[in-house]
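# Fold and geometry: a report
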Amino acid sequence: MTDHTGRAKRPSLVVLTGAGISRESGIPTFRDADGLWAQVDLEDVATPEAFARDPERVLDFYNARRRVLLSSDIAPNAAHVALARLEESWPGDFLLITQNIDDLHERAGSKRVLHMHGELLKARCTLCEEVHPWPKDITLADTCPACGRGPMRPHVVWFGEIPLHMEEITQALQACDIFVSIGTSGTVWPAAGFVAEVAHRPHTRRVELNLEPSEQNALFTEHHHGPATRIVPAFVDALLADVRE
C-alpha cells in the first residue's frame, strides 16, 4: 500500500467487535435462541423508561450480569488475546470499537478501545453524569461520589439512547484503510452501518469474521466464518504477515 507520493503507507485499521467474540468466554449473547432477550423482555430492563418505572429490577438485571463478568469462570479468550497482539504490532493507526460492555478486551491487553455501548464495570450519576469505576452492585441507596446527591445507574447505553464516542468513531471510519467486523450480527444500529460508511471507498478492505454471515455480509470484500477463537487468531497472523512483507 502506497500514498500519493509512491511511498509505503502505514495503513489505518479499525476493528469492530460484538457479542460473538465474548461468547466463547462464557458471556451470554443477546439475539441467539438462548440469548438474554429470549429470557427477559428488553423493554423491562434496557430502556430509560424501564429504569424510571422499576429501577430496582433494572439494577438487579445489571448487577447479576456484573457478577457473572467478575466470576472466576470468565476470562479473555484467544480472539481477545489476538486483537491485543494485533494492536501492539500494527504499524499504523489502530482503533478497536466494541459493542460489548464487558472488559475482556482490556484484560487481554488492548489499550485503544472505545466502548460505544458503555461499560458494565462503571456507573454513571443520573444528576451530574459523572462516570465512576463500579465493580460492585448498584443499589437504590447509592449516590454519586462526585456530587454526593445523584442516584447511580449502570454506565450502559440503553435502547433509545445515543451510543458513546460517535464523533471519534466516525473520524476513524472515514480514515481507515482496513475495516474488520468480528462477532456481530449486523442488526444493531448504528454499528450495523459502519461497513456501509467505508464501502463507498472502493479500495478499503472490508473483512467479516463471524460464526455465520451477518445481515451486512454483502458489503464485505472478504469473509471468514467459524468460531472466533479459531478464525480471529488465524486472521491476525495472516494480516501481520502481509504488512511485514
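Here's a quick rundown of the structure. All values reported here derive from a predicted model rather than from experimental measurement. (Residues numbered from 1 in each chain as written. Predicted model: local features only at pLDDT ≥ 70, side-chain atom pairs only at ≥ 80, totals over all residues. Heavy atoms only, no water.)

### What to know about the sheet that holds strand β9 (residues 222–225)
Read from one edge of the open sheet, 6 strands run β3-β2-β1-β7-β8-β9, paired in parallel fashion. Two strands lie at the open edges of the sheet, namely β3 (113–115) and β9, each paired on one side alone. Ignoring strand direction, the axes of neighbouring strands in this sheet form an average angle of 15 degrees. Alignment of strand β1 (residues 13–17) against strand β2 (residues 94–98), held across 5 bridges, turns out to be parallel. (Pairing = 2+ DSSP bridges. Helix = DSSP H or I, 4+ residues; strand = E, 2+ residues; numbered from the N terminus. Axes fitted to C-alpha atoms, helices over the stretch in contact; angles between N-to-C directions.)

### Let's talk about the pattern of salt bridges
Under the definition given, this model contains 10 salt bridges. Salt-bridge contacts for R107 lead to D103; the nearest nitrogen and oxygen are separated by 3.0 Å. Judged by its relative accessible area of 33%, R107 is partly exposed. Accessibility expressed as a relative area gives 18% for D103, which makes it buried. Put simply, E161 and R153 hold a salt bridge, and the shortest N to O gap is 2.9 Å. Take R153: its relative accessible area is 8%, and that puts it in the buried class. (Salt bridge = Lys/Arg side-chain N within 4 Å of Asp/Glu carboxyl O. Buried < 20%, exposed > 50% of the residue type's maximum accessible area, 1.4 Å probe, protein only.)

### A word on the packing of aromatic side chains
Overall, the coordinates contain 4 aromatic pairs when judged by the stated rule. Both rings, one in F51 and one in W158, keep their centres 5.3 Å apart while their planes meet at 40 degrees; by these two values the pair is tilted. Highlighted residues: F51 in helix α3 (residues 48–53) and W158 in the loop between β6 (152–156) and α7 (166–175), separated in sequence by 107 residues. This pair shows no difference in class: F51 is buried, exactly as W158 is. For the pair Y62 and W158, a centre-to-centre distance of 6.4 Å together with 45 degrees between the ring planes defines the contact as tilted. With Y62 in helix α4 (residues 55–69) and W158 in the loop between β6 and α7, this residue pair connects regions lying 96 residues apart in the sequence. Summarising the burial analysis for this pair, Y62 and W158 share the class buried. Ring pairing ties together the aromatic residues F51, F61, Y62 and W158, which thus form one cluster. (Phe/Tyr/Trp six-rings, centres within 6.5 Å; stacked < 30°, edge-to-face > 60°.)

### Concerning α4
The α-helix advances 3.6 residues per turn, and as a result positions three or four apart in sequence lie on the same side. Compared with the 21 Å implied by 1.5 Å per residue over 15 residues, the 21 Å span of α4 between its first and last C-alpha is a close match. All of the buried residues in α4 are V58, L59, F61, Y62, N63, R65, R66 and L69. (Expected span 1.5 Å × (residues − 1).)

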